[in-house]
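Topology and contacts: notes
One letter stands for each residue in the lines below.
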Amino acid sequence: MTAGIFTALIFLTSLLAGLLGALTGLGGGVIIVPMLALVFKVDLRYAIGASLISVIATSSGSAVSYVRQGLSNVRIGMFLEVATTLGALLGAYLTLKISTHWIAIIFGCVLMYSAAASFRKRRKHAGDATPDRMATMLQLSGSYTENGVRHDYVARRVPLGFGIMFGAGTLSGLLGIGSGAVKVLAMDMAMRLPFKVSTTTSNFMIGVTAAASAGVYLARGYIDPGLALPVMLGVLGGSLLGSKLLVKAPVATLRVVFSFVILALGAEMIFSGATGRL
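Bringing the overall build of the protein into the picture now. The helix and strand inventory of the protein stands at 11 helices and two strands. When the helices and strands of the protein are read in sequence order from the N terminus, they spell out α-α-α-α-α-α-β-β-α-α-α-α-α. Each of the 278 residues in the protein was classed as buried or not, and the buried ones make up 47%. Taken as a whole, the protein presents about 12900 Å² of accessible surface, with 67% of it coming from carbon and sulfur.

A few words on the pattern of salt bridges. One pass over the full model with this rule turns up one salt bridge. With a shortest N-O distance of 2.9 Å, Asp-152 and Arg-150 are connected by a salt bridge. Of the two residues, Asp-152 and Arg-150, both sit in the exposed class.

Counted according to the given criterion, the structure contains four aromatic pairs. Taking 5.8 Å as the distance between ring centres and 90° as the angle between the ring planes, the aromatic pair formed by Phe-6 and Phe-40 counts as edge-to-face. Here Phe-6, found in helix α1 (residues 3-24), pairs with Phe-40, found in the loop between α2 (29-38) and α3 (44-69); they are 34 residues apart in sequence, far enough to count as distant. The class of Phe-6 is partly exposed, set by a relative accessible area of 28%. A residue is classified by how much of its surface remains accessible, and Phe-40, at 15% relative accessible area, is buried. Seen in terms of ring centroids, Tyr-46 and Tyr-222 are 5.5 Å apart; in terms of plane orientation they differ by 80°. Their pairing is edge-to-face.

With that out of the way, let us pick up the confidence of the model for the protein. When pLDDT is averaged across the protein, the result is 81; 85% of the residues are at 70 or more. By mean pLDDT, helix α8 (residues 180-190) is the weakest element of the protein at 76, and helix α4 (residues 74-97) is the strongest at 89.

Running from N to C, α4 and helix α7 (residues 158-175) point in directions that differ by 35°, and their axes come no closer than 6 Å. Our pair here, α4 against α7, has a crossing hand that is right-handed. Tallied by class, residues from the contact of α4 with α7 come to 14 nonpolar, seven polar and no charged.

This paragraph deals with the environment of Thr-100. Among the secondary structure elements, Thr-100 is positioned in helix α5 (residues 100-117). When the C-alpha atoms of Thr-100 and Gly-276 are compared, they prove to be 8.7 Å apart, with 176 residues separating the residues in sequence. Sequence-distant contacts of Thr-100, defined by excluding residues within four places in its chain, comprise Leu-44, Arg-45 and Leu-278.

Taken together, the side chains of Ile-5, Leu-9, Phe-11, Leu-12, Leu-229 and Leu-233 present a nonpolar region at the surface, about 510 Å² in accessible area. Among the elements of the structure, α1 and α10 (225-245) are those that each provide at least two residues to the nonpolar patch. No other element matches α1, which puts four residues into the nonpolar patch. Among the structural elements, Leu-229 can be located in helix α10. By relative accessible area, Leu-229 is classed as partly exposed at 46%.

Let us look at α2. For an α-helix, 3.6 residues make a turn, and residues three or four places apart therefore share a direction. When you tally the buried positions in α2, you get nine out of 10 residues, the bulk of the element. Among all positions in α2, only Gly-29, Val-30, Ile-31, Ile-32, Val-33, Pro-34, Leu-36, Ala-37 and Leu-38 are buried.

Moving on, we get to unusual backbone geometry. The phi torsion at Arg-157 lies on the positive side, around 40°, for a residue other than glycine. Of note in this structure, Arg-192 is not a glycine but carries a positive phi near 60°. Accessibility expressed as a relative area gives 30% for Arg-192, which makes it partly exposed.

So, how was this worked out
Throughout, a residue's number is its position along its own chain's written sequence, starting from 1. In keeping with the predicted nature of the model, local features appear solely for residues at pLDDT of at least 70, side-chain atom pairs appear and are counted solely at 80 or more, and the whole-chain, interface and lining totals rest on all residues. Where side-chain values are given, they derive from all heavy atoms of the structure, hydrogens and water being excluded. Under the scheme used here, helices are H or I runs from DSSP no shorter than 4 residues and strands are E runs no shorter than 2 residues, and both carry numbers assigned from the N terminus. The buried label goes to any residue with under 20% of its type's maximum accessible area, the exposed label to any with over 50%, and the partly exposed label to all in between, with areas taken from a 1.4 Å probe on protein chains only. The protein chains shown are the only cover counted for residues, whose accessible areas, like all others here, come from Shrake-Rupley with a 1.4 Å probe. Salt bridge, as used here, is a side-chain nitrogen of Lys or Arg placed within 4 Å of a carboxyl oxygen of Asp or Glu. Pairs were defined over the aromatic rings of Phe, Tyr and Trp, the Trp ring being its six-membered one, requiring ring centres within 6.5 Å. Orientation was assigned from the angle between planes: stacked under 30 degrees, edge-to-face over 60, tilted for the rest. Across the chain, each position has a pLDDT score giving the predictor's confidence in that residue, from 0 to 100. Here an angle of 0 to 180 degrees is reported between the N-to-C directions of two axes, which are lines fitted to C-alpha atoms, with helices fitted over the stretch in contact. Crossings are assigned a handedness: left-handed for a near helix turned anticlockwise from the far helix by less than a right angle, right-handed for a clockwise turn. Throughout this entry, Asp, Glu, Lys and Arg are counted as charged residues, while Ala, Val, Leu, Ile, Met, Phe, Trp, Tyr, Cys and Pro are counted as nonpolar. The remaining residues, Gly among them, count as polar. Throughout, a residue-residue contact means that at least one pair of heavy atoms, one from each residue, lies within 4.5 Å. Within this analysis, patches are made of residues with over 30% relative accessible area and no salt bridge. Like charges are joined at 9 Å or less; nonpolar side chains (Val, Leu, Ile, Met, Phe, Trp, Tyr) at 5 Å or less.

Right, here's the structure in full:
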């Protein structure tokens, strides 16, 4: 296979990953890393490095619109980024210490969780009359407008959310994914933030988290421009296309299909890691 054909195939695969990731809300990283490792036989650490570059690009592109719309809470995001950035640095460090076999197994488990999380029923959290002391002290509150109605909210259980965010950052640095499912879990379930605020603030945070760990991968030589460029362009293009198709696409059906795909990839990653193929 020539270098041109290989690059074109990488770009098309990344385009599909970005498209499906945008349509299902799971992000392209959860599919591009196992595809690079399993199908194209790319070294797992180089696949993770390329994925991190694509995460930075896609997050930077979409975060701007969410901030302008007032959905992303920049103050909460910046506070939680302290945890995710520290976690990302730890994860990137652990990647250099942990065998790729174990990284593949951990990645497979995260894929399984992501598939399950995509079916989790979204809940509307009822307001709590008792203010959260730490959230009040740090002013972790905000509001957004939906259908002309203003919704006010205050973060709850801040230490729990901060701890989960540290874990999400560690997974991001270790596996080269946005860990959006875990970040949304921290804000939606633990901190009781509205789901729209959780998802958009998570998207705002993902790029900063990935940038922190990408620096470590770059210093160690695990980011190959020849691989990272087609992956970044493909995932970014697929994400932009997916955001436009989202309003018309049968998302429920796509979510089911995509979840089965990443379940299969997760099982293959666990098997390949356990048998020493990765």
